[in-house]
Amino acid sequence: MSTNPTDAEIEQVLVNGLDNRWYAICPSSFLKDTPISLRRLGFKLALWRDSDGTPYALEDHCPHRGAPLSVGIPLGDKIACGYHGVQIRCDGTVLSVPGSPGCKLEGSRPTLSFHLKEARGAIFMYKSQVNIDEPPPLILPEQLTSDEYESFLCYVEWGADYRYVIDNVMDPMHGTFLHKQSHAMSAGARSAEFKLEDTEHGFLFAKAGQRDVNFDWSEFADTNYQWQRLDIPYPKSGGPGGSFGIAGSCTPISPNASAVFFWRTRKVSGWQRDVWRFLYKNRLEARHWAVLEQDRAVLEVMEPDANQREHLYQHDVGVMRARRQLRKLAIDQLAGK
C-alpha cells in the first residue's frame, strides 16, 4: 500500500473502525443460547453462548454455501449450519461435513472467528481481518475495573456515524447550550478558553479556569480499546459520592449507524453505594436519558458529509485532535504498521 494513501482509502478504513482493537459490540443481555446475528465493524456476526454461558462469535457465513450460521444449531463451542449441517468450531475450524465426510473442507479454518470478553454488562470483541489465537488484553478505564466505582450501562443505537458520537463527547462546550436545561449542566460560563493535556493513553481537553462546574473536560484514550471519559458535577440532590462520571465508547454498525455505550459511574462504597443505586434508578436515570435524547436528536439529523463543510474554532481543538489521531492510525494500518 502507498505511504501516501488517498482520502478515499483512509475513509474506507475508518468507516468500519480500525483493525486490531477491542470494541464493545452489544449488551451482555443480547446473547442467549440461541444464536443471533448482528452487523458490527463491517462484519455480519453470528453470536451465541454455550451451556456455561461462555460467548462465541463467528462471521455469519457458512464456508460451504454462505448460509447464515446464525440460523444454525449451537453445539457448545461449535455451531452446525442449518442448511447442510457443516459444523464449525468457535476458532473457525470446520470439524465435520456430514454430506461428504473426509472432504478437503474438513480440518480447514476458512471461517473468520472473533475473540470475545464480557465485562460490566457488555460484550467486547477484538476486531481482526485474520484468525488469531490470542488477542492482546482488553484494558478498560479505571471506572470500569475498580471496586471503588459503581456503574450502570446505558446502551443506545443511533442513526449517525460513530465518529460524530466521538466528536460530541470531545466537545465539552456543547453541554452549556444543548443541555442547558439539565439539572447538572445549567451552570458555568457560556464562553471559555480550552487547553490540551497529554495523558498516559491519550489526551485531556479541558476548559481553562473552570473545573467541576459543568461538562468542563473530556478525555480520549487508546488502550487497544478506544474510550472517552468525562465528569459532570452533581448538585446536592444527586446524593452521596463525587461527580457523575461517564466512560464510554462507540462502535460502527453501518456507515450511518452506531452502537453507543455509556457507563454512568460514581465513586461510592458501602451504604452510599446502595443509596446512590436506589436514587439513580428512581430519580436520576430518567434525567440522563433525556440528556442523551438531546444528543441523539442533533446527531441523527447531521448530514453524512457535514464534517466536510465546517468552520472550526478554538472550542473544537479536542475534536480536531481526536480526528487526527484516528486518521494517523488509519494511515499506519494501510502501511501495514
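Residues numbered from 1 in each chain as written. Predicted model: local features only at pLDDT ≥ 70, side-chain atom pairs only at ≥ 80, totals over all residues. Heavy atoms only, no water.

S.K.: How should the packing of helix 1 (residues 7-14) against helix 5 (residues 317-334) be read in this particular structure?
M.R.: Two packed helices can be described by the angle between their axes and the distance between those axes. Where helix 1 meets helix 5, the closest approach of the two axes is 9 Å, and the angle between their N-to-C directions is 100°. When the axes of helix 1 and helix 5 are compared, the pair comes out roughly perpendicular. The residues of helix 5 that touch helix 1, namely those facing Asp7, Glu9, Ile10, Val13 and Leu14, are Leu326, Arg327, Ala330, Ile331, Gln333 and Leu334. (Axes fitted to C-alpha atoms, helices over the stretch in contact; angles between N-to-C directions. Helix = DSSP H or I, 4+ residues; strand = E, 2+ residues; numbered from the N terminus. Parallel < 35°, antiparallel > 145°, perpendicular 65-115°, else oblique. Contact = heavy atoms within 4.5 Å.)

S.K.: What am I meant to see in the sheet that holds strand 17 (residues 244-254) here?
M.R.: Read from one edge of the open sheet, 7 strands run 12-18-17-16-15-14-13, paired in antiparallel fashion. Among the strands making up the open sheet, the edge pair consists of strand 12 (149-158) and strand 13 (193-198). Across this sheet, the average inter-strand angle for adjacent strands is 20°, counted without regard to direction. Both strand 13 and strand 14 (residues 202-208) contribute to a ladder of 6 bridges, which runs antiparallel. Paired with Glu197 across the strands is Leu204, a residue of strand 14. Running over the sheet, helix 5 touches strand 13, strand 14, strand 15 (217-222) and strand 16 (226-232) and is turned about 170° from strand 14. (Pairing = 2+ DSSP bridges.)

S.K.: Where do I start with the packing of helix 2 (residues 162-169) against helix 5 in this structure?
M.R.: Two numbers describe how helix 2 lies on helix 5: the axes approach to 8 Å, and their chain directions differ by 140°. Here helix 5 runs oblique to helix 2, going by the angle between their axes. You can see that helix 2 and helix 5 cross each other, and the crossing is right-handed. Together, Arg163, Ile166 and Asp167 of helix 2 and Val319, Ala322, Arg323 and Leu326 of helix 5 make up the contact between the two elements. Taken together, the residues of the contact of helix 2 with helix 5 sort by class into 4 nonpolar, no polar and 3 charged. (Left-handed = near helix turned anticlockwise from the far one by under 90°. Nonpolar A, V, L, I, M, F, W, Y, C, P; charged D, E, K, R; others polar.)

S.K.: What should I look at first to understand the pairing of strand 16 in this one?
M.R.: Judged by how many residues are buried, strand 16 sits mostly within the fold: 6 of 7 residues are covered. Linking strand 15 back to strand 16 in an antiparallel pair, the connection comprises 3 residues, with Asn224 at a positive phi of about 70°. Note that strand 16 and strand 17 share 5 bridges and pair antiparallel. Each bridged residue has a counterpart across the sheet, and for Arg229 the counterpart in strand 17 is Ala247. (Buried < 20%, exposed > 50% of the residue type's maximum accessible area, 1.4 Å probe, protein only.)

S.K.: When you look at the sheet that holds strand 3 (residues 43-49) in this model, what are you seeing that I'm missing?
M.R.: The strands making up a sheet associate through hydrogen bonds between their backbones, and the pairing can be parallel or antiparallel. Spatially, 4 strands are ordered 2-3-4-9 in an open sheet, and the strand pairing comes out antiparallel. With partners counted over all chains shown, the strands left at the sheet margins are strand 2 (36-40) and strand 9 (113-114), one partner each. Relative to strand 4 (residues 55-59), strand 3 is paired through 5 bridges, and the arrangement is antiparallel. Each residue of the ladder has a partner; that of Ala46, found in strand 4, is Leu58.

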